[in-house]
Amino acid sequence: MAEGLLTRRRVRPVLLEKPCCTDGADGGPVDAAAAQVVLVGNPNVGKSTLFNALTGARQHVGNWPGKTVAVARGTWRPAGGGEVGVVDLPGTYSLVPDSPDEELTRELLVDASGPGRPDVVVATLDASNLTRNLYLYAQIADTGIPVVVALTMVDVARSRGLDIDTPALGRALGVPVVPVVPRSGQGVDELAAVVLRALDERVPATPAPLDTALEDAVAAVSTALGSEAGPAGRWRALALLEGGGGAPEHARDVTARAVADLAPEADPAADPDDPAEEIELRIAEARYAWAHDVLGATVGRRGPRITWSDRADRVLTSRWLGLPIFLAVMWGVFEATTAVAAPLQGAVQDLFDGPVSDGLGRVLGLVSAPEWLTGLVQDGLVSGVGQLLSFAPLMAIMFVLLAVLEDSGYMARAAFVVDRLMRVIGLPGKAFLPIIVGFGCNVPALAGTRILRNPRQRLLLGLLIPFVSCSARLTVYVLLAGIFFGSQAGTMVFVMYVLSIALVVGMGWVLRRVAFRDLVDDPLLLELPPYRRPTLRVMGVQTWQKLRAFLRTASGIIVATVTAVWLLSSIPMPGAQAAPSGEPVSFGHVAPADSVFGGVSRAVAPVFAPAGFDDWHASAALVTGFVAKEAVVATTAQTYSAEEPADVHRAGALGTALHDTFERTSGGHVVPAVLAFMIFLLAYTPCMTTVAAQRAEIGTRATLAGIGMQLAVAWILAVAVFQIGVLLT
Amino acid sequence: MSAPEIDAAPECPLTDRPVGSTSTLRRVGAGRVRRRRLAELGFVPGATIEILGRGGVGGLVLAVNADTRVAVDAAGARELWVHGEGRRG
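**Quick notes on the overall build of chain A**
And then number 1: Within chain A, the secondary structure is distributed over 31 helices and ten strands.
And then number 2: Put simply, of all contacts in chain A between residues at least 6 apart along the chain, 70% involve residues at least 24 apart.

Structure (C-alpha cells):
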C-alpha cells in the first residue's frame, strides 16, 4: 500500500524536473537561486557546527521573515561546484510543534509548497543516540522531501561501545548516510557530493514503515485525499489519523472509519480526542519499533554503558554537591561579567570620551564647524556611541560564557539543579543564569534570556530582568544612603537588593497570573547531552554574529536618546535668565535649570508629589537615569551646580543640598521620601541600552509594554512607601 | 482494595524504584501533549529506563533506551509507570 503511495509521488512532474533545465544561465549542475538545503536535527547533535563547516563565514543570523525565530542562513559552495543556500533550522525533537521554533521547521517541511519547499533535507543524526534521532528521521521521511543523512558523534558512539555499520544504515533507511566530523571538516566533501546528487535526482525519502494496520489506514486516507494531499501526502494522512489538519468531507469520513478500526476500544463519546490520542501513541510506538529494528540490524553494542559523562553527572547533579558547584559556576559567570568586563568597558569609554572626542573636536574646529555641531558630535553622538561600544566587550564575554555553558552540556545540569527554585517565578531552572548576570548588568542578562527555548518564557524573563538591580544602580544607592542613613547606609543598600529580588519574584507571580496564564507548570523533562569540549571556531563566529546583531539594533535607540537629551539641555527655555557666568543665554550656553531639559523636569516633578519628591532636581536625575544610571550622580551634581563628588561616600555640599530638597518636598518626612526615591530608581527603566537590548530580544511592542509596567510599578511602590512612611513617622 | 492482578509483576511509579535499577515503561500517566513530549525523548511503552542518579528534591537522572540521558523532577517521575525488573546495577 505504501508502495503505491510512493510511486504516485514519484511521477509528480514537478519533483522530477531538474532545476538546471529551467535556468541555463549558470550552466552548473545546480540552480544557484533555487537550490535550498535545510539542516534538521535534535538539539545538541552538532548541527550548528556542521552548518559552520559548510558555510564558513558566508552566513548571517536573523529572524525568519514574519517570525521571531532566529535562524542562521548561509551559502555553501560545495566541492562539486555551484552554490547552495543552507538554512540551519532550530534543533527539534519532532515535527509536531511545541514552540514557534519548532513550528518553523514543520511549516517548511510540511506546509510549504513550490519554491518555499526545501529541495533537500540534511537530517543530522547523533550516532550515539540513534533510537531517538531515528524517531525524528521517520517524521522527516514522511514529508516526502529528499533526505540525506549526516551522521555526527560517531566518535562519541565508539567511545560508548557502539559500532555503527554505516553502509547497512544507509540500506536500512534507503538514503545516503555520510559520517561527518564537523569540527575537523572530515566527511564534508563526501556530504557535498551526496547532497548535489540528491538535488539532481530529487528522489523522495523512503518512509519508515509502521505496522500493517497503520499502513493500511494511511493508504486508505491518502487515496481519499487524492491530489488534495500535496507533496507531503503521507504526513497529512498520518496527521489526519492523529486528529490534526483539515480535509475534504470524503477524506474525513474515510479517516473516521480508519480511526474506528484502529482504536475500537477508545470511546469518542466520552472524549472526542480519545481515539486520535490512542493512534498518536500507537504511531509513536511503531516509529520506535522501527528504530529499534534498524538499530538491531546496524549497530553492534559492546562494553559498558556507563560513560565518563555519567560519572561526571554523579557529582555535578548529586544531591549534596550539585547546588554548591552550581553556585560556584554562577559566581564565576558573575565575576566575568563584572570584574573582568569592567576595565575593558572603562577603556572603551575612556577612548571615546578622550582621544576620539578630542580628535573629532579638532577636526570640526579645522573645518570651522558651527559650535552647535561640535557640541552635538562631542557631547551627544560620541559619548552615546562610546557608551554603546563600551558594552561590546561585556556582551562578547556574555555570549562566549553562554556558548561554553550550553555547548559543554553543563547548562542542562544547572537547569536540573535549580529547577525547583526557579519554579517560584514560573520559569525553568535555566532562567537563573540571566538573573544572576543581571545583578552585574541587565544588558548581557537580556541576551542571556536566549537560553530559554520557549519564547513565552523568554518574554516573561525579558520583562523581569530590568527589576534585577544592576551595579550601575548601586552607585546611586550608595550616594543617597550615605547622605541620608549614615551608619545604616550598608543596611539600606542591602535592603535595596532584597527588594530587587522580591520585585522579580513578585512581578513574576503577578505576570504569571495576568498575562502569562498560558505558561503551564509542566514537570521538568530535560535532555542531558553528553559533556563536550565547545568548538572554538563556532563560538567565535556565533559570538561575532550575535554581537553585530546587538550593536545594529541598539545603535538607533542610543543615538536617538543621546541626541534628544543633548538637544533638550542645550535649548534655553523661553524667558530664561542669564547663565551663572553672566554670559547671555543662547543655544548651548544655558544652565541646566533654564534649559528645556530643566523645564521638562519641572513639568514632570509634580507627578512625584505623592511620593514625597516633587522637585525638579529629583526628576531631572530620573530623566538622565533613563539614559544611564551611571549618569544620575553627575546630573544631580550638575543641577545643584555642585562638584560631582569624587567619592560618593562623602557627598559634602551636594549632600546638604539634597537634604534640604527632600526636607522641603516631603514636608519633613525625609526618610520615607528618600526611600521612595531609591525604590523608584530600583524599579523603573534601567537605561536606554537595556531598552535597546530588550527590543532586540522581545520586540518593540513588548519592550514598550515593559517600560510602561516598570514606570507604573516604580511609581506605585514609591507612593506606597512614602505614604506608609508618613503614617508611621 | 484487592483488585485481581492481571500481570505477574506489579506496576509502580518510577519514584518507587531505587537508584541503579532498570525498569520497563508500561504507561505514561499524563495528558496528550505531555505524552508526545515524552515520546520524543524515547518514553514509549516498552522503553527501558535506568535510574542513574538522584538529585535534590526528588529529581532523577535517567538513561532511556540505554543512550539518551534525561533529567526529570519528582512530579515527572510520578507520571512514568513502570514494570520493575528488580535488577540493580
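So that's the structure; there's more coming.
**Digging into the overall build of chain B**
And then number 1: Helices and strands together make up the secondary structure of chain B, namely two helices and six strands.
And then number 2: For chain B, the α and β elements follow one another from N to C terminus as β-β-α-β-β-β-α-β.
And then number 3: Here chain B holds 89 residues, and the buried ones make up 45% of them.
And then number 4: Restricting to contacts in chain B with at least 6 residues of sequence separation, those with at least 24 account for 58%.

**Some words on the confidence of the model for chain A**
And then number 1: When pLDDT is averaged along chain A, the result is 83, and 91% of the positions lie at 70 or above.
And then number 2: This stretch, residues 1–32 of chain A, has a pLDDT under 50; its non-local contacts, to residues over four places away or in other chains, come to 44 contacts.

**Focus: the confidence of the model for chain B**
Residues and elements named next belong to chain B.
And then number 1: When pLDDT is averaged along chain B, the result is 85, and 84% of the positions lie at 70 or above.
And then number 2: Looking at the elements of chain B, mean pLDDT is at its lowest for strand β6 (residues 80–88), recorded as 72, and at its highest for strand β4 (residues 60–64), recorded as 95.
And then number 3: Counting contacts from residues 1–6, a segment whose pLDDT is below 50, to residues more than four positions away or on other chains yields one contact.
And then number 4: Interface predicted TM-score (ipTM) for the complex: 0.89; the corresponding pTM is 0.79.

**Notes on the domain arrangement of chain A**
All names here are of chain A.
And then number 1: Under the domain assignment used here, chain A contains domain 1 (2–201) and domain 2 (212–301).
And then number 2: If you look at the interface, domain 1 gives 23 residues, while domain 2 gives 22 residues.
And then number 3: Taken together, the elements giving at least two residues each to the side of domain 1 that touches domain 2 come down to α1 (2–10), α6 (130–142), β7 (162–164) and α8 (166–173).
And then number 4: In terms of residues, the side of domain 1 that touches domain 2 owes the most to one element, α6, which gives six residues.
And then number 5: Residues belonging to the side of domain 1 that touches domain 2 are distributed by class as follows: twelve nonpolar, six polar and five charged.

**Examining the sheet that holds strand β6 (residues 147–152) of chain A**
All names here are of chain A.
And then number 1: Overall, mixed pairing links the seven strands, which are arranged β2-β3-β4-β1-β5-β6-β8 in an open sheet. Of all the strands in the sheet, the pair left with one neighbour each is β2 (59–63) and β8 (177–179). Here the strands of the sheet are splayed against their neighbours by 25° on average, with no regard to which way each runs.
And then number 2: Of the pairings in the sheet, the one linking β6 to β8 comprises three bridges and is parallel in character. Among the inter-strand pairings, alanine 150 is bridged to a residue of β8, identified as valine 178.
And then number 3: Against the sheet, α8 touches β6 and β8, its axis set at about 150° to β8.

**Some points on the packing of helix α10 (residues 212–225) of chain A against helix α11 (residues 233–241) of chain A**
All names here are of chain A.
And then number 1: Orientation of α10 relative to α11, taken along the N-to-C sense of each, is 110°, at an axis distance of 9 Å. Classed by the angle they form, the pair α10 and α11 counts as roughly perpendicular. Across the interface between the two elements, Ala217, Val218, Val221, Ser222 and Leu225 of α10 pack against Gly233, Arg234, Arg236, Ala237, Leu238, Leu240 and Leu241 of α11.
And then number 2: Counted by class, the contact of α10 with α11 contains eight nonpolar, two polar and two charged residues.

**Brief notes about the packing of helix α15 (residues 322–366) of chain A against helix α17 (residues 410–417) of chain A**
All names here are of chain A.
And then number 1: In contact at an axis separation of 10 Å, α15 and α17 are set at 125° when each is read in the N-to-C sense. Taken together, α15 and α17 sit at an angle that is classed as oblique. At the point where α15 passes α17, the crossing takes the left-handed sense. On α17, the residues that touch Gly322, Leu323, Phe326 and Val329 of α15 are Tyr410, Ala414 and Val417.
And then number 2: Residues that form the contact of α15 with α17 fall into these classes: six nonpolar, one polar and no charged.

**With respect to helix α19 (residues 432–440) of chain A**
And then number 1: The buried fraction of α19(A) amounts to eight of the nine residues, a majority that puts the element mostly inside the structure.
And then number 2: Of all the positions in α19(A), only A:Phe432, A:Leu433, A:Pro434, A:Ile435, A:Val437, A:Gly438, A:Phe439 and A:Gly440 are classed as buried.

**A word on the nonpolar core**
Residue and element names in this part refer to chain A.
And then number 1: Core analysis: the largest hydrophobic core is formed by 232 residues, its most contacted members being Val149, Val195, Val221, Ala676 and Phe680.
And then number 2: Each of two domains, domain 1 (2–201) and domain 2 (212–301), supplies a minimum of three residues to this core.
And then number 3: When sequence neighbours within four positions are dropped, the list of residues in contact with alanine 676 reads Ala611, Gly612, Phe613, Ala718, Val721 and Phe722.

**Digging into unusual backbone geometry**
And then number 1: Phi is positive for A:Met153, which is not a glycine, with a value near 60°.
And then number 2: By the element assignment, A:Met153 lies in the loop between β6 and α7 (154–159).
And then number 3: Overall, the presence of 28 C-beta atoms within 10 Å leaves A:Met153 in the buried class.
And then number 4: Despite not being glycine, B:Ala66 has its phi angle at roughly 70°, a positive value.
And then number 5: In this fold, B:Ala66 is placed in the loop between β4 and β5 (68–72).

**Focus: helix α1 (residues 32–40) of chain B**
For the α-helix, the turn length of 3.6 residues means that residues three or four positions removed from each other point alike.
And then number 1: Among all positions of α1(B), only B:Arg35, B:Arg36, B:Leu38, B:Ala39 and B:Glu40 are buried.
And then number 2: Elements in contact with the buried residues of α1(B): α6, α13 (274–298) and β10 (525–527) of chain A together with β2 (21–28) of chain B.
And then number 3: With its phi angle positive at about 110°, B:Gly42 sits one or two positions after the end of α1(B).

**Focus: the interface of chain A and chain B**
And then number 1: With 36 residues of chain A in contact, the opposing surface of chain B contributes 32 residues.
And then number 2: At the level of secondary structure, the elements contributing two or more residues to the side of chain A that touches chain B comprise α6, α13, α14 (308–316), α15, α17, α18 (419–422) and β10 of chain A.
And then number 3: The residue inventory of the side of chain A that touches chain B, partitioned by class, reads 14 nonpolar, seven polar and 15 charged.

**Some remarks on the environment of A:Arg314**
All names here are of chain A.
And then number 1: Relative to the elements of secondary structure, arginine 314 occurs in helix α14.
And then number 2: For arginine 314, a count of 14 C-beta atoms within 10 Å gives the class partly exposed.
And then number 3: For the pair arginine 314 and alanine 591, spaced 277 residues apart in sequence, the C-alpha to C-alpha distance is 65 Å.

**Thoughts on the environment of A:Ile679**
Residue and element names in this part refer to chain A.
And then number 1: Structurally, isoleucine 679 can be placed in helix α29 (residues 670–683).
And then number 2: What makes isoleucine 679 buried here is the crowd of 25 C-beta atoms within 10 Å.
And then number 3: Sequence-wise, isoleucine 679 and alanine 718 are 39 residues apart; in three dimensions their C-alpha atoms are separated by 6.0 Å.
And then number 4: Residues contacting isoleucine 679, with those up to four places away along its chain left out, are Leu499, Leu717, Ala718 and Val721.

**Quick look at the environment of A:Phe352**
And then number 1: Structurally, the position occupied by A:Phe352 is in helix α15.
And then number 2: Linking A:Phe352 and A:Val385, residues 33 residues apart in sequence, is a C-alpha distance of 8.0 Å.

Basis of the calculations
Residues numbered from 1 in each chain as written. Chains lettered and ligands numbered in written order. Predicted model: local features only at pLDDT ≥ 70, side-chain atom pairs only at ≥ 80, totals over all residues. Helix = DSSP H or I, 4+ residues; strand = E, 2+ residues; numbered from the N terminus. Contact = placed C-beta atoms within 7 Å. Buried ≥ 20, exposed ≤ 12 C-beta atoms within 10 Å, placed from the backbone. pLDDT = per-residue confidence, 0-100. Domains from an automatic or database assignment. Nonpolar A, V, L, I, M, F, W, Y, C, P; charged D, E, K, R; others polar. Pairing = 2+ DSSP bridges. Axes fitted to C-alpha atoms, helices over the stretch in contact; angles between N-to-C directions. Parallel < 35°, antiparallel > 145°, perpendicular 65-115°, else oblique. Left-handed = near helix turned anticlockwise from the far one by under 90°. Core = buried A, V, L, I, M, F, W, Y, C linked by C-beta atoms within 7 Å.

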